Structures are given as structure tokens and as C-alpha cells.
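# Architecture at a glance
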Amino acid sequence: MGKITGFLEFDRKVEKYAPVDERIQNYKEFTLPMKEKELKNQGARCMDCGIPFCHSGCPLGNLIPDFNDSVYRGKWEKAAEILHATNNFPEFTGRLCPAPCEEACVLGINEDPVSIENIEKNIVETAFQKGWVVANPPEFRTDKKVAVVGSGPAGLAAAQQLNRAGHSVTVFERDEKPGGLLRYGIPDFKMEKHVIDRRLEILKEEGIEFQCGVHIGIDIKAEELNNDYDAVVLCGGATVRRNLPIKGADLKGVVQAMDFLGQNNRRVDGLKYPGEEIKATDKNVIVIGGGDTGSDCIGTSFRQGATSVSNFEIMGKATAERPEDQPWPFWPMRLRTSSSHKEGAERFFSISTKEFIGDKNGNLKGLITVNVEWEKIPGQRPVLKEIKGTEKEWPCELVLLAMGFTGSEMTIAEQLGLEADPRTNIKASVKDYKTNVPGVFVAGDQRRGQSLIVWAISEGRQAAYHVDTYLMGSSYLPLKGEGDLPRI
Amino acid sequence: MMKRQGLYLPEFEHDNCGAGFICSLKGKKSNDIIHKALEILDKLEHRGAVSADGKTGDGAGILIDIPHQFFLDECDFEIPKAGDYAVGNVFFPKKENQRDYCISVFEENIKKQGLQLLGWRNVPVNKAIPGRIAGETEPFVKQIFVGKENEDQKDFDFNLKLYIARKVTEHTLINSKLSESKFFYVPSLSTKIIIFKGLLMPNDIKLYFKDLMDARVVTRLALVHQRFSTNTFPTWDLAQPFRYMCHNGEINTLRGNVMRMRSREGLLKSKLFGEEIKNILPIILPGKSDSATMDMVVELLLMTGRSLPEVMMMLVPEAWEKNKEMSEAKRAFYEYNSCVMEPWDGPASIPFTDGSYIGAVLDRNGLRPSRYSVTKDGYVIMSSETGVVELAPENIEYHGRLEPGKMFLVDMEAGRIVNDEEIKEKIAKKYTYKKWLDTNLVHLKNIPYNDCPLFLNEASLEKRKAVFGYTLEDINTIILPMGQHAKEPIGSMGSDTPIAVLSERPQLLYNYFKQLFAQVTNPPLDGIREELITDISLTLGSDYNIFDITELSCRKLKIQNPVISKEDLDKIKNYDASPDYKVVSIPILYNIARGHNGLEEALENNLREAEKAIDKGANIIILSDRDSDKDKAPIPALLACSFVNSGLQRLGKRSKLSIIIESAEPREVHHFALLFGFGASAINPYLVNEIIAEQIEEHDITEYTFDEAIKNYNKAIGKGILKVMNKIGISTLNSYRGSQLFECIGINTKVVDKYFPNTPTRIQGIGLYEIEKEVSKRHKRAYQDQHIAANLDLEIGGEYRWRRDGEKHMFNPLSIAKLQKSVRNNEPDTYKEFAKMVNEQSKNLMTIRGLFEFSNYDPIPIEEVEPWTEIVKRFKTGAMSYGSISKEAHENLAIAMNRIGGKSNSGEGGEDADRFYKNQTGDWRNSAIKQVASGRFGVTSDYLTNAQEIQIKMAQGAKPGEGGQLPGPKVNPAIAKTRNSTPYVGLISPPPHHDIYSIEDLSQLIYDLKSANRKARINVKLVSEVGVGTVAAGVSKAKADVILISGFDGGTGASPLTSLKHAGLPWELGIAEAQQTLVLNDLRNRIVLECDGQLKTGRDVAIACLLGAEEFGFATAPLVASGCIMMRVCHLNTCPVGIATQNPELRKKFKGKPEHVVNYMYFVAEELREIMAQLGFRSVKEMVGQVQKLDRNAAIDHYKSAGIDLTPILHQIDVPKNTKLYNTQKQQHHIDDSIEFEIIEKAHPALFRKEKISLDFPIHNTDRAVGAIISNEISKIYGAEGLPENTLKLNFTGSAGQSFGAFATKGLTMVVNGNTNDYLGKGLSGAKLIIKVPDKSTLQPENNIITGNVTLYGATSGEAYINGKAGERFCVRNSGAHAVVEGIGDHGCEYMTGGVAVILGEVGRNFGAGMSGGIAYIFDEKKTFEKRCNMEALNLLAVEEDNDIKELRELIENHYNATLSPLAQRILENWEDSLPKFIKIFPEEYKQALIRLEREKLETI
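Let us look at the structure shown here. (Residues numbered from 1 in each chain as written. Chains lettered and ligands numbered in written order. Predicted model: local features only at pLDDT ≥ 70, side-chain atom pairs only at ≥ 80, totals over all residues. Heavy atoms only, no water.)

## Some points on the packing of aromatic side chains
All names here are of chain B. A full pass over the atoms with the stated rule returns 54 aromatic pairs over all chains. For the pair Tyr372 and Phe408, a centre-to-centre distance of 3.9 Å together with 15° between the ring planes defines the contact as stacked. Placement of the pair is Tyr372 in strand 11 (residues 371-375) and Phe408 in strand 14 (residues 407-411), with a sequence separation of 36 residues. Residues Tyr372 and Phe408 agree in their burial class; the two are buried. Residues Phe513 and Phe678 carry aromatic rings whose centres are separated by 5.6 Å and whose planes lie at 70° to one another, so their mutual orientation is edge-to-face. Pair noted here: Phe513 is in strand 18 (residues 513-515) and Phe678 is in the loop between helix 18 (669-677) and strand 26 (680-684), with a separation of 165 residues, a long-range link. By relative accessible area, which is 0% here, Phe513 ends up buried. Through pairs of rings, three or more aromatic residues link up here, namely Phe91, Tyr185, Phe196, Tyr208, Phe209 and Trp236. (Phe/Tyr/Trp six-rings, centres within 6.5 Å; stacked < 30°, edge-to-face > 60°. Helix = DSSP H or I, 4+ residues; strand = E, 2+ residues; numbered from the N terminus. Buried < 20%, exposed > 50% of the residue type's maximum accessible area, 1.4 Å probe, protein only.)

Structure (C-alpha cells):
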């Protein structure tokens, strides 16, 4: 398999980006396609390891060496088949995944890892282009009805798997279109929405029913749903956003990232959006939170024409290299610079916001920060300490809060009497994804707390197996097998 | 024989021996011959062995003419004239009452045959002679005298009746319920010869049997033998000689031969025997040794009217198949007889006699030494060694040796030696064999192809793949490379997946069987380099009565490669040109709905149908699993094949037909090997054919057409099978077929007894129910009622490369990540996580040790347990050569182990002398263990001198019975230097050690190495398999200091995938069996027992220790600690972490540090200490073998593992209280007796002051390895430099023992006036050896054998001048010595990688096989050379270049000056005429390497 000496011959390459000036003019994706030959060479870099740690690092268990080899040999259709065997939506992960596989890639021990994600994206895009991705409805239907609540990646994956097993699946989505965070969280410049739509078309053709604008727990009572369906899979996500309850938090101009991004995505889609318009145009923008959502806010702000964009991160600046205590193949906390960062944002680390300052109209005009340091006590969580005398005032007109999510909403849980942990994650183990209420399953962020899209798809797939087993006694649906690398 | 207990199975005992005979050509009878013959044994004592009591030998005996006059005098009853009566010594029970019964039965049967009982004579014996152990089984010996029915009775008839009477008596008494029935045995009952033998030391025979000392006991001939048995439960009856033969070596093919003989019994018919024929069955009594068994068949064949030489030709044929020089008549004889009898093949020198003829044959490989001398006063002396009888040089007519496949025969009546050609041509022309073959034997390739049935109703290819359990890995990793490259796929890093019975995934039945392989007691073969002695063709059809010698016997179908295509199978199905061929197809399918009952019934049906087919005249049946569908599932082909095979055997009908398998199941070599091993004669893997078609369609296979790709695949399997056969030392598929050389692991006895009778299975396991369950699981998956979109059609596999959804592996991402983190950051807690994972994982049905739990806790404070620093002294790292791994990785391990006082292992690659000295920081890169493997790379006196332990690698877990290869491009100048070879010249490690073809050879090598370094322990590395305990007992008797038992799963730099998975057993079985057998024999305390094979944690060590190990080896785990991430690309040189690579760029990526390895060892030792504290052991010593602390973990429950029975592993041998279960005493090597100490005393001025001196000594064949001790002393002082040339000259007179000049170093010149035995100049390290014909001798040196086999094996430098001919394998693996010789046997210059060989006389066959370097010059006066040369990669050139001419002339001049060789003189005197007759042999690889080196030299300038 693969080219034995490929990794010695070729350097890592990924798709390049369009120049910043150009790309911030619109919300389109801005990666520049690679030639087939180059992609094959990238596939050739894969070493067909005796133990492919990538395959372990990937929460889906993607058969990475196998599809890399197919790409190297120019067998794109076979590659697509292998890829789809473990991943329902490679076009999403190929764009959005932070690629733990690449962090675990053996080549990554002392070289640049194989560009797995880029290969993945190209496989699935080629497959769509060539018309290989088609609806494949089940040959037989069982008489079982399954409700999937939430149409994010977990919900969609669970739905497709359960539908493949022959069950009649209805997906409930409270927003106007399916997709969850994919649609309303991820900006178009990272994934244009037709990518979701084209996949949804296939799901619909395969026979999955979507009911949008239906808020389970409010429009339909959860008990009712549970009674009407043979099984319910909750994939509602971890939607409760973390606040910053400091002085001035209610000023106009202090906005949750999700509100900002959701509105903009609807705007780009030509949809109406509720509430007041939030725009970064001609404003000094400060994004609080150095994660992916933060980045999305930065890129969106630039595209809206912000005067300046700064990004605050309360944690210290990580090194570009792996820290020693987070060795290969584990997922390291290291400095990640997104394409949005490169569009001109200034990043500040070890900084904590103390207070928002408003003008007399209640409009935000600045904020005050203090520098912090993390005191490490062995065996305990690091403790945050403010450094005296480092207070500083920053002028700004828009603050975007991108500090993550604290857990899931409890409406359904309360109606059904589901047990949850203190973080409001619904309790269910990965052994069977069962909640304490028979017939009710939970998967994705709603179970594990906020996480990555690959985890969501993975949970959806795994849960589907257990739902199927619950309904039928056994299941032909695939499981990913053992081998997930833990976080350390 | 000891009874079966624990893991010990008596049937796996082996023996090897010393043998010889003397006879008077002039027919002169004397008592002196007996003494001379016994002197032979005396002089061969080093080839025998002694039991723990120090007195009981493994058996010895002598065969002589019947001393007629003596009996006339002695007997108190009347005796007719010589030849008209038979006499024999008979062994009886000790107890009189039982004895009387035996006598009465015997007498009765004699009368029944109409013969006359003349009388009995008590044989006078000295009861004080036998040792304690022998005394326990000492029989009462009486002589019986039997007369003819009447005077007119013909000799043949008389013999026949005697035979029947004896056979029937044997059967009756063996089946009787007498408590001492086993004592009854008839060593001989003959009109010509009589045998005296027993469980005696050779020099005790005549003291025990007083008759032999009587001057009136005279004879013309005497055949003697002494045994070296691996076991210590030898018995009196198994002492040799047997009635017609004795045997030095081992019959490898025995199991197949026995099975086939049994099935022939049904066809036996003879007018002479009439109805009596039934009463002599079984022909082969069970429980006898290989030699005894063969003797029984010889006896039967003699009764068919064949002569003794003809019988020997049938049983031990030459390698005729590929011999182009053989006469047509002889070829036809052999080919005809191959249809009648498969070869009884082995490393075997078989002296035989019927009193009229005395002679010997040698196996086709020539693996046993047999030398003979003919004296001017008319005596012929033959034995394993020369020099065993003192002969004056001037009395020698000539010295000869027995050549491979050849017969040496003395016609006693005619009083002359009959040469091989003469006797064989005569026999071959007795019938018109050639004509018979031409009209009867059909060759598959000549059958026309007419039409090809299509199987339209079959399920889709994808479905069938699933039914038969194909994984994507099977298709991509196994089948593809074979179709594409005609080669078996290669892998590395061993196996860490569960054995079949512990796997949660449905396994093919094949995976429950492990291939057996040869180690120590017989050699594996090299079918690649010695292809001409191998053959995989088979003949199909019915067998016939062996009493008839008619053309009917060869009316058969011959297939060259029995792995056949569908087209071939169609041809066979449709062949109807001859009414004698009838082919019947039997479906092997069962009704899936009926589950395991369905399977059982279907199997019974198969057998019934086969029987019916036979009754209707079929002679070929095809067992076919075509047409399986939703309702009918395939029966595992192996199950059906073996059941029909053994079932028909039981019914006595097996010989009437051949079985062809048409199955979708077999895909890898192992599968095919099993099917042949359990009786198939041809196999068509039709689904593989279809998969290959698909691969061509999808352009996975390019460059080949479908037919070619199928051919490639079949060829690859054929080659693979050859390798599997070679592993156990078998050269022809004809003898391998039906031999069942496998062990089951994880199948219960019920199934084995019924379906695979006589296959060892020791820990039980699954039954038919579970077998069916596995089939139905696959079937269900294939025919699942629901198709799930996007699922892969087939399972991923994951056997060879880890996959989440595939087979489990012990080393997986997490365990590796944790281990590396723990050692790098010195985190004991992280190690504990690792250990917990591995230990629990193994409990989770991964390994046998996982099934155990500790019990009988007796906790003590951990402080009382010996400290970790003591424990790690017992730890070793595995043998990994510099070459297979990088310098950085190799030295890292050495430094680490030296820091903690453990031992690292050099592996088979030599070691840079620079590493023998500590560096400034005190770190030491010297490997404490130096390995000596079959390639002998870098093994010099200096290398051995710098070892604390020397390990002889008999086998390697990942590929037991196989050699290795370091391809030329990997041999960079640094590696070439440490291996004493030429850069860029490929290096081959042969499958066998060419100086170990049997146990006594191992004993010799141990002696050699001990001589080369008296302080070093000698360690013998074995691989776990059934019978390894017996082998270990033998090795202990061969005086190894340490025995290492390796698990099959150990790592490797490169191995065929088949070997990686399917040969050898887990160490749990091996170590337990070794411990039990050694304790049982009271041999345990003599040796240290070591264990390795995927040891990872303290728990692993604890279990190994409780099972009997006291030292422990780790290889993969310390490598992982050093950064290995199990890429499994060691064989590709692309290791991305700089471990298993020589690529300088990749080597830079090595990040391991000695601390990492030290930390790992520390963690393991600490974990062990915790366990020790719980169990109550203060030291490892106390813990060894305490199996009562282990128990089966009751919590483990899985449908397959439930049937496993661990009690045989946990069997505690009953021993007296004070018996120690660990090493307490040192082996007695008897090195002190060497003449070298006397030499050293006199050689002081040379050794210490470098003064030139010359000394004279007599020498005998019992003086072995002379030169090694002196060289050791020189190396200690001067290192590899040695002394200046010719400083110490030693002149010897006589016959030197084996290994003369072994490892002899620079500055020594050693001269022998006389001759030498095998292994001359083994590992020569710079000395000069001169072997010349004594001055007084009248011999023509060039026609005279002067040295034995395997000369200059692994020599690295030095010179040898040999004034006469050498035996087989001259200059094998020479890498630097310059040698001149006057003629050589077969396989000359095999695997040679450097140096120069000048051969002035005739050259045997297969010259230069595997020769990759060095130069040979052949004086080809008779122009025979080209035919005998292995032309694969050699250039044959004229000697034209000035440098060559100069070098050649100089060497011949040296030879002349050293030996006064008349031949050399003639050549030199006629130099202008002689020169054009020389051929220069220049290996192509060597040529390319020299060109490359020249280029590199220019580049650096």
C-alpha cells in the first residue's frame, strides 16, 4: 500500500488560500484547488503504518491509510467508498475538523504530518463532482419510527444511519432549516451552505423526513414525541452559551458570538432574522475567546468591514510546538492560527476582561482588562491570578463573546425526567447511549458537552447502532471499534 | 518410555547417533573385528550422550555374523549346519512367570509356522554394568535357536516363516495385559547375523555381553551404533542396530511415511503369506523410534522379494527429479518407485546389512558425515568420523566418503566393493521401467483442454467472499502480491494478535493449527539455494499392492505443481481417455439451518460418498464447496479433507484414491500446506482465481494477463509450501503429503481424535459446535437480511496492520503512547496505566497468560523482596543485529543494559571491535551476549572472546526454520565491516546451521564455542513448539549452559507472513513443557532456563517465572521505549523513527536514550516485585517453577475459550523434595581435557613474546576444536590483530577431530599430517591451516578424501591448503579465507560472500548456490564444471587478467610449498597448458559491488 518512500520524496502541501484582500470581499470559501498529481503525491506520503495512529486519533475511526492509498493510486471512487464507510459527511469534516488525525499522524513525530483532512475533502468533492454520491434508500423498511431531535451533525448522522437500517426517521429542528451549528454557527467562508443543502437533498431522497421550525418541548411535548415514536434520539447540542457576568455586560454592543454569527449566516442566505441588526462595519471589534468560534467572529467582522479586530484569550499563549507533557500522538494544546487570524486580527493572551464601559446611551465604548497568570500546583487545576498594575482600557464598539457553551438546554430533559450531570449533559454512556428513560437516546454535544464536529458525527453513528439494536435485537450498522485516543 | 504427562508427549522424542562398521573383504573371521568395531564407538563417544545418572547411555549395540562354531560348542542341544537355523537374542520380562508366558507364546507361534524350536540359551551378562536408570528397564536376555521346517525349505521361505512367527508373537504379547509386556523384544532372529545391544555405554557392551569377549566368537563383519537421544527415557529395545539397518540422523518424513504405510496395508496381498498377511499387521508397531520404524518397513519389503540394496534405493532415493546427469534407466526406476513409495527422507546415513551385503546410503541432502577407509590388508571401515580405528598410513588403500544419495556397498560373498553406479544400474534395469512409465503415467500438462463449465448459479463474488471470510486485508495484503509478483508477502515485528481460540472474531479452521519445524534434532532445509534436491510434484490415482512389481503401479496422473488453476481442474474432470481414471466430485456443504448436527451429518455423508466412489472404481475424488448458497454453507475444507483422508484410512481404502480440493477457502500458504498435510493431492482455490480476475479488471494487477497472474499465484504458493516443508526438513511434497506435521492449539481432543487423528492438541479448546458457529457467523454476515448502504462489503481484517474494527493487538495506539510517555518522562504512574492496559487486555482473551490469575497469596512486606537492581540482572534484550536495526538503536540498548547489569544481544551481525571497550563516561556499547547464527556473520575469535554469553540461534520465533537475508543495498561499508564481508554484497543466513544437522552436532558447536571462550555461558535459543521440552532435554545433555525458549510471536526484521503467524507456539506452552521435561529428567538444575516473546510487563515476567523461566528477554517493548511505533516496515529500510533503517537521513530521527530503556526495565522489575511480595517470594530464584501460585481465571467466559484446559501447563512434576527447580550447578564441559593446554604450556614464548616456535603433537579424532582455546588466549591479549604471521607453528600427526582450527586466529599455522573430520577451519579468523597426506602414505592425494564436510564455514580470514578432496559444502559462507583444495563434493562455495577458493579437482553438484561474493577458481580438466554449477547469478570467466593470474599462481605455489601436492606440481610445471583450463567464478553481485566501491572511491577523491 502507498508509496513506500513517498514520505521521503514529497513535502506536505495543503490547499492555499486566496489573498486576504480578495477573500474578505465576500463570504465564499477561499481555498484554491490542488492539481490531481499533487494530491496523489500527498496520498503517497502516507506510510501505511503498522499502527495507523491517525485512525485512532480520528474519533470516527476513518480508514485513513486505506483511502490515502486509493488516492495515491488515483482510485477516487474506491477512496470515496472507504471514506463514506466511516463518515457520513466528509464534506463537513474535510472543511471544519481541527484534524486530530493529523496530530496523531506517525509522520508528525518528526515531520509535517500527512495532509489527511485536505485529502478527505478532495475525495468527497471529487465524488460529488463525478456524481458518485447518490441517494441509497434502504431496500426494506422496518415498521419502526424514530425521532431525531436536532439536525446538527450528530442528528443528521444518527438519522442517516437509522434510515439505512430501514427505520422511518423524522428529524425535528427548531430553526427554519436543518443543519444546526453547521448552518447557523459556521460562516459561509468556511463552508458554503449549498454544501449542506446538497447533502440534505440526498438524505431526503433516502427517505428521511425533516420537520423544521418545530421546537420539541415547546411545540410538541417531549412525552408526546416519546409516545409517538419507537425511539427518540436527542441530538440537541450544547447550546447554553457561557456569559461574562461583569459590570457593563448588558451594554449595547456586548453580543454573544452565536447571535452575531447566526444573524450573519441568515443574512448571507437571504433569510430574515429576528432582533436588531448586529454589524461590525466601521467598528473596533474585540472578540473574547480564542477558539474556533472566536475565529469565525473575526473573519465575519472583517468581511463586514470592521475598523479593527482584536482577539482576547484568557489562557497563556501556547507554543507553536507541542508542549512536552502532551506528547505525540495525543491532542496538544498549542497555538493555532486560523485563516481568520491571518486576515489581520491582533491576538492577546493571558488577558481577562474586568469591565465593559458604556457611554451614556448605554452603548459600549470600551472595556478594561487586566493581565493574568496561571499558577500551576501539581495535581490541581491551574489557578488564575491577576497581575496587579496591568489594568488597561481598550476602546471598542463591539464585543463578541465567544467563550464556549456550558451545556444543554433542559426543557426536554425536564419533561421526560432525564438524568443529567452537573454540567447539564444528559447522562448516557458510550456503551449504549441510553438515557435513563427507555427508548430515549442521546448523542453528540447534548451528551458529551461541547465538542468537535467529528465527535458529533461519531456519536450519531454509534448511537444509531444502539438504537437499532434496541429496536431490532441486533444491528448490522457499523461500530467504529476500540481505539479512541484519550485527551490528556 | 516415560508416560505422557503435563505437556510432555513421548512421541516427540528424537535421536541421532554415531554409527559405523568394519568388514573383512577377504572374508576373514576374527574376534578382533568386534574389538575394533567397539573401538569405533569409543572414539565416537563425544557423539553420544549420558543421562543424569552419569552412567546410562542412550543405547549402543553391535551386529555380527552368527558365531556358528561358538554356538556349536556352547549349546547343550543340537544345531544344524550354518545357515540352516536362525538364532536371535530375545529380551524378556524380568519376572519369571511373565517370562514363561512370553516364551510359550513364542514357541507356539514358531510351531504354528511349522518351524522347529531347537532350544534356548541364557545369554551370560554382567548385571553390574548398567547404570541405575538402565537397570530399571534391564530385560532378561535369552537366545532362541530355530530350525527349518525341513532340510529342503528354501532360505526365503524359512525367513518368511520366521518373520511371521516373530511378528505374530510381538502382536500377541504387546496386546497382552502383562505388566512387563514392554520388556519383550526380539533384536534379531536371523540365519546370518546376531545383534547384541542394550542401554549401555559403548565400552560396556562387551563387558555386559560376556560372549563378545570370548575368542571363539568370530565374525567377518561388525556393525555398531550408539544413540544420542534427546530424551532420557531411552529403552533397551530402541538401542541400535536394528535387524537390517542402523541409522545416524533422523527421518523427518516419518509421520507421513507411517500414515501412508498404514493405508497401504489394506492393499497388501501375497501368495506367500496367504491369509497370514492379516496377522502381521500393523507392519509398524506404534511407539518405536524412526529408525526402528524404518527397519520394520525394510523387513516387509525384503519379503516382497526385493533385494536389500533395491529396498534402500526405494526408501532413500537420490534427488533424481532435477538431475540431468542421471541415466535414463535409473531415472525411470526412481520415477516408477515414486508412484509406489514416498521417500523416507531425513538427514540420514543408514548403514545396513543382511549378512551378505553390508553397506550404507546417505540421504539426498548429504546431511550426515560418513567416511570410509579401505586398507591394503583387506578391511573396510566406515563410520561417522575418520580416525576411529588406528590405521598405519602405509596400510591405507584409499579414503572415501559417502556422497549424497549414494550407496556404498560391500558384497561379502564376492569379497569386493560394488560401486554405486554398478549396483544401481543393475537394479534399475531389472524391469523396463521407462516403457511402463511412457505408457501409463499421464502428465497433467499433456491432457488436452476441451471445455470449461460455468457456474452460473453461484452467488455473487462479494457474497462468496464474505461466506469464506475474506477480508480486505486478505485480498490486498495476501493475494495481490502473489498474483502480481509471484512472491509471498513479507512482514515484520512479529505477531501481537490473539491466537485463534482466543480471538473474538470468527476464525478459519486453519488458524487453529501451527506448523511444526525442525530445530536441533534435524535441520531445516534451504529449498531456494538447494532447489535441486526439492520437488513438489505429486502423482494422483490409486495405489497398488507393493508385493506386485508391475506397470499398473505407475498408472497415475502426475502434476508438477499441485496448486492448480480452474482450467487444470476442468481438464482433470473431463479426462476420459483412459478407463483407469475415474473422477467423482463430492460437494462439501451442509444445511446451515441444521447447525452443528447438519455439519456432522454432512461430514459422515462425505465419507460415505467417498467410500461409495471407491467401490464404484473412482480413483480421484474432488471435494468441492462450489454452490454454497443461502441455505447451504461450506464445510471447512480442511475438516472435510482430513476426515475423508483419515476415515478412508480407517476403512483400509485410502490408498485407492487421491483427493483433490476445489475450494474457495484456501488463500494463504498455510492453508494449502495444511490441506496437503492432511491428505490432499491437488488444490484449486477457485475463489482466489476469481479475485485475481477482479484485480486485473480493476487494474490492481498490471503487467500480467489473467493466466499469468494465476500462474504467479500458484507459483508463489508452491514456493511457500516448499518453504513450509523445508522448515521441518522435508524436501519432497510426496513425503510431506499426509504427514500432519502440525499441532493444534485450541481444538478439543474429541474433534481431533475424530477428524484429525494423531495430531497433538494439548490445551483443548473448541469443538465441532464452535467450529460450526464460526462458519455460520460468516455465512450469516454474507447473507444478512438487510443490506446497509455505505458499509464495506468485507471486513477490514487488521491481522497484520492494526485497525479499530479489526483484530485486536497488544501493541495499539494507546499502549504505545502510554509506554513511551512513561519512560521518557520517568512516570511510574503512566507505566502502571500501560501495564494495566496490557495485563487487562491480555486477560481480555489475548494470550494464554491472560487466562491465568495468581493464587495462593502469602504476602510479605515489599522491602523484603530482592531489590530491582538484582532483578534486572536477569533481564536481557532480544537479538537484533546491527544491520537489521541502526547503529544508534543498537548501541542504545547495549548501553542501557550494561548500565543496569543486564545483557544486550548483538544479534547476528558481528560487532565493531571499537565497542568492546568502555568509553570515557563509563558507558559500554559492548553487547554482553554475542549471537552465533547460521550466517556466522562477524563471528571471529575476538568477537567470541568479548562475550559474556554466546547464543546459538537455532530458531527465531517469527520464522522458525527459516533463514534470513540482508539485501546488498543495505550492506553499507560500516555493516560490511562488522560482518566481515564486502559492502553491497547481499548476505544470506541459511535456514540451517551448516554445522548442526543433529543434536550431536549442536553438542560439537557448544564445545567449539566453549573452547573459543571458556568464561562465556553458551545459550541455545529454541522456539516453542510441541516437543520443545524433549529438545531442551537433549540440549541440556549437549551441555548448553542456558536454554532460551522463545514464543512464536517474537519480532523480526522480515519474515513471510505465513511464518509470522502460523509457525511456533506461545511461550507459555514452550516454557512449561521445557520445565516439566527437564525436571522429569533431573536435568533442570544443570541449565538456566530463559524465556522471551512479547514480554511486556511485570505480570508477564511473573507468569514466565512461575512456569519455569529464570531469565527474561524483551525486544519489542524496549524498542518501543526507544521510539518504535510498530510501523512494521523494518524490511523496507524506511523506519521513520530511525530504528530499523540504515538510511542516514532516517537514522538522524532516532530519539531514544539509554534512560528510556533503563526506566522501562526498572518499571517492569518494580511491578514484578509487587507481585512477588503478594505471593510471598523474596527472590526470583524461589519463584521459579512454582506453578501452584497460578490458577485459571474463573471470570473469563467466552464461547470459544470456555473449552480451554490449562491443567497441562500447570502440571507439577512429582519430584523428590530436595530437587531444585532452577539452575544450581555448572555443566561439565570437559574443556580441561583438551590437548591445547599442553600446547599452551609449551607455546609460552610465542604467545607472550611473539617468538617463532614450532611444536609437534600426535592428534586423534577425539581431539576436537583444536586451535580455539589458543586463539582465545591470543585474542585476549592481542585482540583481532593476533600474532604476526607464522609465529606459532603446530605440527600434528594423525586424524584430527571435528572443527580442527575452529576460530583459529592470526599468527597460528596448524599442520595435520593425516586427515581431518568435519568443520575444518570453522570460523577461521586468520590462521593458516595445512592438511596433507602423510609422507609414508602411497595415496594419490587428489583421489583421496582428506577432510570432511562443511569446511571453512563462516571463515573470515586466513588460509587453508588441503592436500586432497573435501566433502560437501566446501567454503560454505566463507567471507574471507583463501583456500586451495584438490576436489570437493556438492554445494561447494554455498553462500560464499568473500575470500578465494581454488579447486584443483572435481566439483560436485550445485556449486556456488547463493554465492554472492568472493572468487573461485576451478581447474576444470574434465570439462564437467558447467553442468554442476548453479548458474543463477555467477559469471564464468577465463582467467586472463594479470592480477587474477598472479593471485591464482601464488595460491597454487603456496599449496605446493605447504603440501608438496603432486597435482599442484603438475599444474605449475605445465602452467601455460593449465591456465586455460581454469575457470574463474565471479558472482554478478560481487562484480556490481566492486564497481560501486570503485566509483565511490573515485567520488571521494
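What follows picks up the thread again.
## Looking at the sheet that holds strand 49 (residues 1434-1438) of chain B
Residues and elements named next belong to chain B. Overall, mixed pairing links the 10 strands, which are arranged 41-42-43-44-45-46-47-48-50-49 in an open sheet. What marks the edges here is a single partner per strand, and that holds for strand 41 (1253-1259) and strand 49. Strand after strand, the sheet turns through a mean of 15° between neighbouring axes, direction not considered. Pairing of strand 42 (residues 1288-1296) with strand 43 (residues 1308-1316) involves 9 bridges; the strand directions are parallel. Bridge pairing in strand 43 links Gly1294 to Gly1314. (Pairing = 2+ DSSP bridges. Axes fitted to C-alpha atoms, helices over the stretch in contact; angles between N-to-C directions.)

## Looking at empty space enclosed by the protein
Residues and elements named next belong to chain B. Taken as a whole, the largest cavity spans an internal volume of roughly 210 Å³. Sorting the residues of the lining of the largest cavity by element identifies helix 7 (254-264), helix 10 (328-340) and helix 17 (637-650) as the ones contributing at least two each. Sorting elements by how many residues they give to the lining of the largest cavity places helix 7 first, with 4 residues. A class-by-class count of the residues in the lining of the largest cavity yields 5 nonpolar, 11 polar and 7 charged. (1 Å grid on protein atoms, 1.4 Å probe; cavity = no way out; pocket = protein on both sides within 12 Å on 5 of 7 lines; lining within 4 Å. Points joined across faces, edges and corners; volume = space filled by probe spheres on them. Nonpolar A, V, L, I, M, F, W, Y, C, P; charged D, E, K, R; others polar.)

## Here we look at the environment of Lys445 of chain B
Residue and element names in this part refer to chain B. Relative to the helices and strands, Lys445 resides in the loop between strand 16 (442-443) and helix 13 (461-467). Overall, the relative accessible area of 62% leaves Lys445 in the exposed class. On a C-alpha basis, the gap between Lys445 and Gln560 in space is 8.5 Å, while along the polypeptide they are 115 residues apart.

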